[in-house]
Amino acid sequence: MLKISATDINCDELGGKYYLSNEEQHFKVTILSNDSVIRLTNTRDSVAEKYDKIFVEDVLKAVKEEKHRRMELVYESITNSIEKMAERLHNVLIESNGEEVKTINLIQKED
């Protein structure tokens, strides 16, 4: 479920609650880290089970890693967009500066 891009990951780390939801599959997972409980919910049923603390910590580690990976992708995308905009702006400024130099040279030649 973590690797499906349509799955949303929301975290309330202060409250120790982590939520995974996939609207397409009508499926939700709630992880209560403080109580080592994982609740699985679909449109008809909801089941909560208490698990071994180490197992829940491993699940949480996977959730946090996937959340971090997704944030890195967003960060990289934003960084790339900013770099491309800066490059375009730089090129425009160089072109504009070149046109100003030509204009100044023309004015100086006319004098």
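The structure this text deals with has already been given above.
To keep things clear, this report deals only with the structure shown in the data block. Computed from a predicted model, the values in this text were never measured in an experiment.

The strand order β1-β2-β3-β4-β5 describes an open sheet built from 5 strands, whose pairing is antiparallel. The open sheet terminates on both sides in strands that have one partner only, identified here as β1 (8–12) and β5 (46–50). The mean inter-strand angle of the sheet, taken between neighbouring strand axes irrespective of direction, is 15°. Across 5 bridges, β1 lies against strand β2 (residues 17–22) in antiparallel orientation. Across the sheet, the residue bridging to Ile9 is Leu20, located in β2.

Pairs can form between side chains of opposite charge once their charged atoms are near each other. Tallied over the full model, the rule gives 3 salt bridges. We note a salt bridge from Lys3 to Glu66, for which the minimum N-O separation is 3.2 Å. Pair noted here: Lys3 is in the segment before β1 and Glu66 is in helix α1 (residues 53–110), with a separation of 63 residues, a long-range link. Glu66 gets classed as buried once you look at its relative accessible area, which sits at 3%. The salt bridge involving Arg70 is made with Glu66; its shortest N-O contact spans 3.2 Å. Of this pair, Arg70 and Glu66 are both found in helix α1, 4 residues apart, which corresponds to roughly one turn of the helix. Each member of the pair Arg70 and Glu66 is classed as buried.

This part takes up the packing of aromatic side chains. Inspection of the entire model under this criterion finds 1 aromatic pair. Judged by centre distance (5.2 Å) and plane angle (40°), the ring pair of Tyr51 and Phe55 falls under tilted. Of the residues examined, Phe55 reaches a relative accessible area of 41% and is grouped as partly exposed.

Located in the positive-phi region is His26, a residue other than glycine, with phi close to 55°. For His26, the position within the fold is in the loop between β2 and β3 (27–32). Classification of His26 by relative accessible area gives partly exposed; the value is 48%. Not every positive phi belongs to a glycine, and Ser36 is a case in point at roughly 55°.

Inspection of the secondary structure assignment puts Ile54 in helix α1. Once the C-alpha coordinates of Ile54 and Ser36 are considered, the two residues, 18 residues apart in sequence, prove to be 8.8 Å apart.

Together, Val74, Ile78, Ile82 and Met85 line one region of the surface with nonpolar side chains, adding up to about 370 Å² of accessible area. With respect to the helices, strands and loops of the structure, Val74 is situated in helix α1. Residue Val74 is classed as partly exposed on the basis of its relative accessible area of 44%.

The rules behind these values
- Residues numbered from 1 in each chain as written.
- Predicted model: local features only at pLDDT ≥ 70, side-chain atom pairs only at ≥ 80, totals over all residues.
- Heavy atoms only, no water.
- Pairing = 2+ DSSP bridges.
- Helix = DSSP H or I, 4+ residues; strand = E, 2+ residues; numbered from the N terminus.
- Axes fitted to C-alpha atoms, helices over the stretch in contact; angles between N-to-C directions.
- Salt bridge = Lys/Arg side-chain N within 4 Å of Asp/Glu carboxyl O.
- Buried < 20%, exposed > 50% of the residue type's maximum accessible area, 1.4 Å probe, protein only.
- Phe/Tyr/Trp six-rings, centres within 6.5 Å; stacked < 30°, edge-to-face > 60°.
- Patch = residues over 30% accessible without salt bridge, like charges linked within 9 Å, V, L, I, M, F, W, Y side chains within 5 Å.
- Areas by Shrake-Rupley, 256 points an atom, 1.4 Å probe, with all protein chains shown as cover.

Read these as spatial facts, not as claims about activity.
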